[in-house]
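Single-letter residue listing:
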There are 2 protein chains.
Amino acid sequence: MADSDPANNQPAGYVPPSVWQWDKGNGGQFANINRPISGATSDKDLPVGKHPLQLYSMGTPNGIKVTILLEELLAAGYSGAEYDAWLIKIGDGDQFGSGFVSVNPNSKIPAMLDRSTDPQTRLFESGSILFYLAEKFGAFLPTEHYKRAETMNWLMWQMGSAPFVGGGFGHFYAYAPFKIEYAINRYAMETKRQLHVLDTQLGKTEFVAGDDYTIADMAIYPWYGGIVNNAYSAAEFLSAGDYANIRRWMDQLEARTGVKRGRLVNRAADGLAERHDASDFDRLLAPAAG
Amino acid sequence: MADSDPANNQPAGYVPPSVWQWDKGNGGQFANINRPISGATSDKDLPVGKHPLQLYSMGTPNGIKVTILLEELLAAGYSGAEYDAWLIKIGDGDQFGSGFVSVNPNSKIPAMLDRSTDPQTRLFESGSILFYLAEKFGAFLPTEHYKRAETMNWLMWQMGSAPFVGGGFGHFYAYAPFKIEYAINRYAMETKRQLHVLDTQLGKTEFVAGDDYTIADMAIYPWYGGIVNNAYSAAEFLSAGDYANIRRWMDQLEARTGVKRGRLVNRAADGLAERHDASDFDRLLAPAAG
């Protein structure tokens, strides 16, 4: 494919250089926070609250995976899962502060510190945080070999698949500075394929990994439920209403207190910018009479 | 961004339709195996060999993660890790056979069956297979909380990051039917960022997750070592020679028997199409005198 005619390239005549160079003008809506190098760009400590678990996050799909699990653990009576959730404004570059980078050298949300261990444990990548908390509390990750494997299969499926949905489809359909037909088609097809994989599985089992509600559901719901809930304003484009099994499963999840609460955390515009106590939800979920 | 001028789109004037439709002519080199729906397209059973572990795979970066771990386990004396490796020709659509889909409904390699458990365990997603085998044999995944968390952090980092390298950079730089400047720049920047994250970490620690050689190294090496080894003929383009800490770590890994052997499995052109016994490597690694 290296021999394709440059006249067919976009823009016509474009030829990749021998060595790629960073052009800061490229990158679309998130150009200001996308860089070809890693590391801190400012000295900034992270705040620390009263609880053992300190979450540094934002209420994106990857962020709410973790707050859904934490709220599910609390709803199930695991009081050790009390946490402080601090807002990391990724549009403002908070993830490049030195304190954040020391917890997550990859500068992405969510990141977490468990201060109850010695030494304290740093956690990054939503899938790693879900696994850590599930093991720590012995919940939402079955121990029987078959169920455990199936849960990890689907958790890893989500981790490896959703980049095509978010960084692929969402970027080119909604965020890139112009629309590129080839890229939109590529990622729309893959997003629909993934939705179909999930819908087929949920036609066979109550939850993603079988009869048990697990961290696989909590990882998958924010991304694929998000699409059905019109993320990127793309539900019509992707015919998301066709996936009836996903809809059935979403309705079950969205009726749960843990899911309701978890979806609200670290969302400054339509939820809680920060969360430090269960009572923080009271004013949102049960507003005072006027 | 939905209001960008269609004249700026690629091609100029392109406007996404209200509802996406499958055009089978779109898709580049792999158009014949990319589909917006999942499931089997043919009835085809999987072969089964003599060992407890049956691997259905191909020697791509995701495939050799698993064979490196299996060969490392065998080199370390875990004889229960003996396996049959069967070649799944993804270019021919083997992953859409009914037997393969029953093991991995996502139709991607690698997939595995553990026939030593009751019921037998199906495994899909390379990260899930690595985790399962590491837990099963108690090897290459530390049990101390801090080391275990760090290993899972980096394993999940690989799972969530490499889609930008393979499905993003590799696709647009090497495989797409024409070169799209915006997409190549987007994914070149992200690939270099990830290489820098890894290089920075390996400047601080001997292995990715610290002092111990773990499944995180085995997951990360095939992708990022692959770039340094000129995957997609892109080492010069990405200035991959700049990442000296990755090079130091790759040299350590590539000297290991487990890595040498694992890299050869399910590679019809330059290794073993199938692997059923340790002696299968003899003719490759120590050819008979003429």
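Calculation notes
Residues numbered from 1 in each chain as written. Chains lettered and ligands numbered in written order. Predicted model: local features only at pLDDT ≥ 70, side-chain atom pairs only at ≥ 80, totals over all residues. Heavy atoms only, no water. Domains from an automatic or database assignment. Contact = heavy atoms within 4.5 Å. Buried area = accessible area lost by both parts, 1.4 Å probe. Phe/Tyr/Trp six-rings, centres within 6.5 Å; stacked < 30°, edge-to-face > 60°. Helix = DSSP H or I, 4+ residues; strand = E, 2+ residues; numbered from the N terminus. Buried < 20%, exposed > 50% of the residue type's maximum accessible area, 1.4 Å probe, protein only. Lys NZ or Arg CZ within 6 Å of the ring centre and 35° of its normal. Axes fitted to C-alpha atoms, helices over the stretch in contact; angles between N-to-C directions. Parallel < 35°, antiparallel > 145°, perpendicular 65-115°, else oblique. Left-handed = near helix turned anticlockwise from the far one by under 90°. Nonpolar A, V, L, I, M, F, W, Y, C, P; charged D, E, K, R; others polar. Pairing = 2+ DSSP bridges.

Student: Which parts of the structure should I look at to understand the domain arrangement of chain A?
Tutor: Put simply, an interface is often sized by how much accessible area is lost when its parts join up. Residue and element names in this part refer to chain A. Per the domain assignment, the segments of chain A are domain 1 (53-137) and domain 2 (145-262). Taken over C-alpha atoms, the centre of domain 1 sits 21 Å from the centre of domain 2. Contacts between the two partners involve 16 residues from domain 1, matched on the other side by 17 residues from domain 2. Of the roughly 1400 Å² buried between domain 1 and domain 2, counting both surfaces, carbon and sulfur atoms make up 72%. If you sort the residues of domain 1 by the area they bury against domain 2, Lys-65, Ile-68 and Glu-72 come out on top, with a joint share of 37%.

Student: Please clarify how the packing of aromatic side chains should be interpreted in this entry.
Tutor: The geometry of an aromatic ring pair is captured by two quantities: the separation of the ring centres and the angle between the planes. As enumerated under the stated definition, the model contains 36 aromatic pairs over all chains in all. Here the aromatic rings of B:Trp154 and B:Trp157 are separated by 5.3 Å at their centres, their planes lie at 70°, and the arrangement is edge-to-face. In this pair, B:Trp154 and B:Trp157 both sit in helix 4 (residues 145-175), 3 residues apart, roughly one turn of the helix. Under the relative-accessibility criterion, B:Trp154 is labelled buried at 0%. Measuring from centroid to centroid gives 5.5 Å for B:Phe207 and B:Tyr213, while their planes differ by 45°, and the two rings are tilted. The class for B:Tyr213 is buried, based on a relative accessible area of 10%. Taken together, the ring pairs in this structure connect A:Phe164, A:Phe172, A:Phe178, A:Tyr182, A:Tyr187, B:Phe164, B:Phe172, B:Phe178, B:Tyr182 and B:Tyr187 into an aromatic cluster. Over the face of the ring belonging to B:Phe137 we find B:Lys136, whose NZ or CZ atom lies 6.0 Å from the ring centre. Residue placement shows B:Arg186 over the ring face of A:Phe172; its charged tip is 5.9 Å from the ring centre.

Student: Sorry if this is basic, but what is going on with the packing of helix 5 (residues 181-202) of chain A against helix 6 (residues 215-228) of chain A here?
Tutor: How two helices pack is summed up by the angle between their axes together with the distance between the axes. Residue and element names in this part refer to chain A. Packing of helix 5 against helix 6 brings their axes to within 11 Å, and their N-to-C directions diverge by 115°. Between helix 5 and helix 6, the crossing angle belongs to the class labelled roughly perpendicular. At the point where helix 5 passes helix 6, the crossing takes the left-handed sense. For the pair helix 5 and helix 6, the contacting residues are Gln-194, Leu-195 and Leu-198 in the first and Ile-220, Tyr-224 and Ile-227 in the second. A breakdown of the residues in the contact of helix 5 with helix 6 according to their chemical character gives 5 nonpolar, 1 polar and no charged.

Student: Looking at this structure, I do not really get the sheet that holds strand 3 (residues 111-114) of chain A. What am I missing?
Tutor: Sheet strands pair via backbone hydrogen bonds, and the direction of the pair is either parallel or antiparallel. All names here are of chain A. Taken in spatial order, the 4 strands of this open sheet run 2-1-3-4, and their pairing is mixed. Edge positions in the open sheet fall to strand 2 (83-87) and strand 4 (121-124), since each of these has one partner strand only. Taken over all neighbouring pairs, the strand axes of this sheet differ in orientation by 15° on average, direction set aside. Taken together, the 4 bridges between strand 3 and strand 4 define a ladder with antiparallel strand orientation. Across the sheet, the residue bridging to Leu-113 is Arg-122, located in strand 4. Sheet contacts for helix 1 (residues 61-75): strand 1 (53-57), strand 2 and strand 3; angle to strand 1, the most-contacted strand, approximately 150°.

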